[in-house]
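One-letter residues, chain by chain:
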Amino acid sequence: MSKKRGCKFNDDLRSEFPFIKKTKSDYMVKCEKCNSEFSISHGGKNDISKHLETQKHKRYLNTAASSSKIQEFFRETTYDLSKAMSQDGASQFQEVIRQELELSVKKELEKILVTAPSHEFEHTKKDLDGFRKLFHRFLQEKGPSVDWGKIQRPPEDSIQPYDKIKARGLPDNISSVLNKLVVVKLNGGLGTSMGCKGPKSLIGVRNENTFLDLTVQQIEHLNKTYNTDVPLVLMNSFNTDEDTKKILQKYSHCRVKIYTFNQSRYPRINKESLLPVAKDVSYSGENTEAWYPPGHGDIYSSFYNSGLLDIFIGEGKEYIFVSNIDNLGATVDLYILNHLMNPPNGKPCEFVMEVTNKTRADVKGGTLTQYEGKLRLVEIAQVPKAHVDEFKSVSKFKIFNTNNLWISLAAVKRLQEKNAIDMEIIVNPKTLDGGLNVIQLETAVGAAIKSFENSLGINVPRSRFLPVKTTSDLLLVMSNLYSLNAGSLTMSEKREFPTVPLVKLGSSFTKVQDYLRRFESIPDMLELDHLTVSGDVTFGKNVSLKGTVIIIANHGDRIDIPPGAVLENKIVSGNLRILDH
């Protein structure tokens, strides 16, 4: 009988495990990380995998991964190690650690994947594959994602004024133009910041209508008015999907086709070890905080993977209008749509970003710049610390991104299939309830603008940016500053100034339930410029607020603004109680 051949250390193994080196023979190897020597003659790659699971090797890996110097290695350019060794040595060491981490993460993800039920297996696999690609990029990138010296103001023709777009008018066949459109709302967020459980889109914002109600009303009005078939698509997250689908039943008789798809579900990673916190695919029990939706930049791959992209292209749809569901100003604009469908120069525009002029409240908003010959969205997190004040300057960077985006479906398909959509990674640190520090890797939908051809910014009126992030915003949209028609809010003609008052409600108003309890009715705010409220304050019916009004109840005090009160340019402080006789 012939002797069984042993496994040799070949080029494939050398390429996959660069930190493993051959020693005395083709069958004996040494791990340069933990200094262990062992034979691979029996199982080859399996022997190496077994070695990686040994306590000695894991001890080395954990020590290296949790080292703050290694952390710095991954997230910013450091020079400490370069001083201690040659540049080549430092980069080789960095690469070895990186490969080790990627291998460890791969193993952890494989352990998670095998816990997926059969009906969720393929979907979970796509999610984890997407996370691996994002994690790989995270380890590869070093230093700031933009070189401040390369940032330039965009060419004048690359950001068009809305009035110029509107001046072109509308074509006679506006119905056929509308039939090329799909409306996509980003619906992954919860209402927790406003003290509400469940999806934020289900919070009542006007006349007991929710964000979702108003969205459906807007699109139904379009479809009825122009006899069209504009569908609504909701990008849910695993946090909002179940509750949203239950509510959708009430729209079954509306003239709007509603579709949903889920953005990906990625594992949070331990800030020290950089390994996934999750142990299995569940998101209940100890795994409740182990998963997160990876930002709205995930729309491209999730939309593509859902199959909806191909369905809509097959139906002749050409553009999606993407916006946050809590932006009540983000309605379908026929003039922008016409500009896309009938470009004046005949050259199709693949991506339009609506921007608007900055105010002091928007200095941290992402702005459009010219970078290496293309339009690029730059967020404050990407700006070197030395240039943050310059970035916030309203005189230099005059506009910011509203996150109202018009994107070509064909372009999304082309770029997605080429894996050519490039978005900067946002590293978002979190602390879990148990005190564990984690990070989640995210991307932003607007950051992809540089990947599309013939991209354009349109400087739109401020009215197209009406987000409701806090109860201060909620007070504005519930007030007589706005009128509601077919799901759309418009500024009252009785308001003399086109600007919105600055409203700051204190912590006693943070939760929607508390906020509603403190207003017997929403005050008249038509002539209001500025309102600040702090402490235990309540408002009676038919209160009118004008000019600048500041109401401060100190700790232990309470102020009740009486019914019918008119406060004009007033400061109210101290204690004011009105009791029933």
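Residues numbered from 1 in each chain as written. Predicted model: local features only at pLDDT ≥ 70, side-chain atom pairs only at ≥ 80, totals over all residues. Heavy atoms only, no water.

Named according to an unreviewed UniProt entry, the chain is UTP--glucose-1-phosphate uridylyltransferase originating from Pipistrellus kuhlii. The UniProt entry for the chain carries the following comment under Pathway (unreviewed entry): "Glycan biosynthesis; glycogen biosynthesis." Entered under Sequence similarities (unreviewed entry) in the UniProt record, the comment concerning the chain runs "Belongs to the UDPGP type 1 family." (UniProt positions renumbered as here; feature names shortened; annotations may be inferred.)

I tried to follow the overall build of the chain on my own but got confused; where do I start?
Across its full length, the chain carries 18 helices and 29 strands. With respect to the three principal axes, the spread of C-alpha positions in the chain is 100 × 65 × 50 Å. Out of the 581 residues belonging to the chain, those deemed buried represent 48%. Within the chain, contacts between residues at least 6 apart in sequence are counted, and of these 67% link residues at least 24 apart. As displayed, the chain has an accessible area near 28700 Å², and 49% of this comes from carbon and sulfur atoms. (Helix = DSSP H or I, 4+ residues; strand = E, 2+ residues; numbered from the N terminus. Buried < 20%, exposed > 50% of the residue type's maximum accessible area, 1.4 Å probe, protein only. Contact = heavy atoms within 4.5 Å. Areas by Shrake-Rupley, 256 points an atom, 1.4 Å probe, with all protein chains shown as cover.)

Honestly, the packing of aromatic side chains in this entry has me stumped. Any pointers?
How two aromatic rings sit relative to each other is given by the distance of their centres and the angle of their planes. One pass over the structure, following the stated rule, counts 18 aromatic pairs. Between Y266 and Y292, the aromatic rings sit 6.3 Å apart at their centres with planes inclined by 85°, giving edge-to-face as the arrangement. Separated by 26 residues along the polypeptide, Y266 in strand β11 (residues 266–267) and Y292 in strand β13 (residues 291–292) bring together distant segments of the chain. For Y292, a relative accessible area of 1% corresponds to the buried category. Measuring from ring centre to ring centre gives 6.1 Å for Y300 and F452, while their planes differ by 45°; the resulting arrangement is tilted. Of this pair, Y300 sits in helix α12 (residues 299–306) while F452 sits in the loop between β20 (437–442) and β21 (456–459), placing them 152 residues apart in sequence. The pair Y300 / F452 is uniform in exposure class, with both members buried. Ring pairs connect the aromatic residues F131, F135, F138, Y266 and Y292, which therefore count as one cluster. Over the ring of F391 we find K358; its NZ or CZ atom is 4.9 Å from the centre of that ring. (Phe/Tyr/Trp six-rings, centres within 6.5 Å; stacked < 30°, edge-to-face > 60°. Lys NZ or Arg CZ within 6 Å of the ring centre and 35° of its normal.)

Looking at this structure, how should I read the packing of α12 against helix α16 (residues 409–417)?
Working note: a packed helix pair is described by the angle between its axes plus the distance between those axes. Packing of α12 against α16 leaves a shortest axis separation of 10 Å and a crossing angle of 95°. As far as their axial angle goes, α16 and α12 are roughly perpendicular. For the pair formed by α12 and α16, the contact residues are Y300, S301, F303 and Y304 on the first element and L409, V412, K413, Q416 and E417 on the second. Its residues placed into classes, the contact of α12 with α16 shows five nonpolar, two polar and two charged. (Axes fitted to C-alpha atoms, helices over the stretch in contact; angles between N-to-C directions. Parallel < 35°, antiparallel > 145°, perpendicular 65-115°, else oblique. Nonpolar A, V, L, I, M, F, W, Y, C, P; charged D, E, K, R; others polar.)

How should the sheet that holds β20 be read in this particular structure?
Two pairing modes exist for strands in a sheet, parallel and antiparallel, and in both the strands are linked by backbone hydrogen bonds. Pairing is antiparallel across the open sheet formed by three strands, whose spatial order is β12-β20-β19. Lying at the two open borders of the sheet, with one neighbouring strand each, are β12 (269–270) and β19 (426–431). Where β19 meets β20, six bridges bridge the pair, whose relative direction is antiparallel. Pairing of N428 across the sheet is with Q440, part of β20. Contacts from helix α7 (residues 121–140) reach β12, β19 and β20 within the one sheet, and its direction differs from that of β20 by about 105°. (Pairing = 2+ DSSP bridges.)

Is there a simple way to think about the sheet that holds strand β4 (residues 151–152) in this case?
Read across the sheet, three strands follow the order β4-β16-β17 without closing on themselves; strand pairing throughout is antiparallel. At either end of the open sheet lies a strand with only one pairing partner, and these are β4 and β17 (374–378). Pairing between β4 and strand β16 (residues 367–371): two bridges, direction antiparallel. Within β16, the position partnered with Q152 by the bridge is Q370.

How do you make sense of the pairing of strand β14 (residues 319–324) when you look at a structure like this?
Within β14, six of the six residues are buried, which leaves it mostly tucked inside the rest of the structure. Alternating positions in β14 separate into two faces, Y319, F321 and S323 on one and I320, V322 and N324 on the other, with burial throughout. Pairing analysis gives six bridges linking strand β6 (residues 181–187) to β14, with the strands arranged parallel. Paired with K185 across the bridge in β14 is S323. Examined bridge by bridge, β14 and strand β18 (residues 399–408) share four bridges and lie antiparallel to one another. The residue bridging I320 from the neighbouring strand is I407, located in β18.

What is the right way to read the side chain of E424 from this model?
Structurally, E424 can be placed in the loop between α16 and β19. Assessed through its relative accessible area of 11%, E424 is described here as buried. Reaching out from E424, the side chain makes a polar contact with the side chain of R376 at a distance of 2.8 Å. A polar contact is formed between the side chain of E424 and the side chain of K450, at a distance of 2.6 Å. (Polar contact = N/O pair within 3.5 Å; in protein donor to acceptor, adjacent residues only side chain to side chain.)

What's the story with the environment of Y371 in this structure? I'm lost.
Examined against the element boundaries, Y371 turns out to sit in strand β16. Since its relative accessible area comes to 7%, Y371 is described here as buried. When the C-alpha positions of Y371 and L481 are compared, they lie 40 Å apart, and in sequence the two are 110 residues distant.

Sorry if this is basic, but what is going on with the confidence of the model for the chain here?
Interpretation of this model should avoid reading the predicted coordinates in detail wherever pLDDT is low. Summarising the model, the chain shows a mean pLDDT of 88, and 92% of its residues fall at 70 or more. Between residues 65–86, whose pLDDT stays under 50, and residues either more than four places distant or in other chains, the model counts 37 contacts. (pLDDT = per-residue confidence, 0-100.)

Looking at this structure, how should I read the pattern of salt bridges?
All chains considered together, the criterion is met by 28 salt bridges. Here K125 and D129 are joined by a salt bridge, their closest N and O atoms 3.2 Å apart. You can see K125 and its partner D129 sitting in helix α7, four residues apart, about one turn around the helix. Taking the relative accessible area as the measure of exposure, K125 reaches 33% and is therefore partly exposed. (Salt bridge = Lys/Arg side-chain N within 4 Å of Asp/Glu carboxyl O.)

Just checking my understanding: could you explain unusual backbone geometry for this structure?
Excluding glycine, residues mostly carry a negative phi; peptide bonds, for their part, are mostly trans. Phi at E208 takes a positive value of approximately 70°, unusual for a residue other than glycine. The residue E208 is located in the loop between β7 (204–206) and β8 (209–210) in this model. Look at E208 and you get exposed, because its relative accessible area is 77%. In the Ramachandran plot, N227 falls in the positive-phi region, its phi being about 55° despite a non-glycine side chain. Note on placement: N227 falls in the loop between α10 (211–226) and β9 (232–236).

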